[in-house]
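Descriptive structure summary
What follows is the residue order along each chain.
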Amino acid sequence: MIKKVVVLYYTQSGQLKRAVDATLEPLRRQSSITVEYVQLNPIKPFPFPWGFMEFFGAFADTVQGKPCELEPVDESQLSNADLIILAYQPWFLTISQPMHSFLQSEQAERGLHGKAVVTLVACRNMWINAQEAVKAHLQRIEASLVGHIAFVDRAPNLISLITVVAYVMGGIKGRFLGIFPKYGFSESELNAKASQYGACLVQAVETAEYKNLEDQLLQHGAVQVASSLMVMEGRGKILFPLYARFLTKNGSASPGQKQFRVAIFGIVLPMLILVLSPILTVVAWLMPFISPDKMNREVTYYQHVAFRKEVG
Ligand SMILES: Cc1cc2nc3c(=O)[nH]c(=O)nc-3n(C[C@H](O)[C@H](O)[C@H](O)COP(=O)(O)O)c2cc1C
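Remember, predicted model here, so these are calculated numbers, not experimental data.

**Description of the domain arrangement of the protein chain**
Accessible area lost during the coming together of the parts is what is often quoted as the interface size. Split by domain assignment, the protein chain resolves into domain 1 (3–224) and domain 2 (229–298). Relative placement of domain 1 and domain 2: their C-alpha centres are 23 Å apart. Each side of the interface is counted separately: domain 1 has 19 residues, and domain 2 has 25 residues. When domain 1 packs against domain 2, close to 1,800 Å² is buried across both sides, 79% of that on carbon and sulfur atoms. Looking only at domain 1, the three residues that lose the most surface to domain 2 are Met53, Phe56 and Phe59, adding up to 29% of its buried area. On the surface where domain 1 and domain 2 come into contact, there are 0 salt bridges. Counting across the interface, domain 1 meets domain 2 through 4 residue pairs in polar contact (both at pLDDT 80 or more). Secondary-structure elements contributing two or more residues to the side of domain 1 that touches domain 2 are helix H2 (52–57), helix H3 (59–63), helix H7 (128–141) and helix H8 (157–170). If one sorts the elements of the side of domain 1 that touches domain 2 by residue count, H2 sits on top with 4 residues.

Below, the structure written as structure tokens:
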């Protein structure tokens, strides 16, 4: 019997789609497997490249998980899928608005319920909070997360912070100013690794046996968690909702006042990140020495699909 794999995805520049295509190439070559794509389309498209006010203006809604309106997806495509690939990118340390909106929808409840799901992210380097949010949605929907794949930018954190801004706000797809590396996952990593992950998926789909998939993907290096980035994300996870609350507090503020707050925030946030990053980097480097067991436990947890629901 022919097996059906459905990719649910949203992408702005096409970077995520390229990672998906390369990963699924081995599946598309199989006559026993069909691969179908379902793209999420916000009714009001997000801009690319982003303007300053649009970018920082999207922060509060994204962090607070406010859904945007999406065109309905064709549910018949999902109904008889053997495996669903949920391909998304993090925005502001949580799920990007289009994918987050879909996961909150009744269509997701119907379409993903009882399904095997593999998540695939392509981003700068901070996806673990977003993935925890995805895990929570999948658990609520009673879908079964069976594997995860993460393509990230391997440049040092502050370098990729500059290049991601040039990419998403300047639309610069090559080397920024001719001196910075190209933003995104490396082509050589994609060429070397994506087909290996795809081969793991082929085996799992053909045998309908998903319980070893996450370990096989991990053995091929599909999920690498850097402890320093994990520590930094942990701080952001606490601070971002506070910033979002500051931007949205006093719902009766006039549009002009709200715009003013966003503009101030857009100047203060990058400055804070630039100042705090080196400090947090040092703290993050020290953490494995201070509490090595805890760090190892956390890294291992975030590499896996198991979900530890946080209390409180
Ligand atoms: C509004 C916004 C916020 C982002 N926040 C993050 C983030 O928190 N972590 C991260 O690793 N990448 C972040 N990125 C980068 C994206 O995950 C992604 O790499 C980039 O937008 C290209 O994705 P695309 O396939 O949609 O074009 C952000 C991008 C945008 C536009």
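Picking up after the structure, the text goes on.
**Focus: the pairing of strand E3 (residues 83–88)**
Buried residues dominate E3, accounting for 6 of its 6 residues. Relative to E3, strand E1 (residues 3–9) is paired through 5 bridges, and the arrangement is parallel. Within the sheet, the bridge partner assigned to Leu8 lies in E3 and is Leu86. With 6 bridges joining them, E3 and strand E6 (residues 116–123) adopt parallel strand pairing. Looking at E6, one finds that Tyr88 is bridged to Val121.

About the thresholds
- Residues numbered from 1 in each chain as written.
- Predicted model: local features only at pLDDT ≥ 70, side-chain atom pairs only at ≥ 80, totals over all residues.
- Heavy atoms only, no water.
- Domains from an automatic or database assignment.
- Contact = heavy atoms within 4.5 Å.
- Buried area = accessible area lost by both parts, 1.4 Å probe.
- Salt bridge = Lys/Arg side-chain N within 4 Å of Asp/Glu carboxyl O.
- Polar contact = N/O pair within 3.5 Å; in protein donor to acceptor, adjacent residues only side chain to side chain.
- Helix = DSSP H or I, 4+ residues; strand = E, 2+ residues; numbered from the N terminus.
- Buried < 20%, exposed > 50% of the residue type's maximum accessible area, 1.4 Å probe, protein only.
- Pairing = 2+ DSSP bridges.

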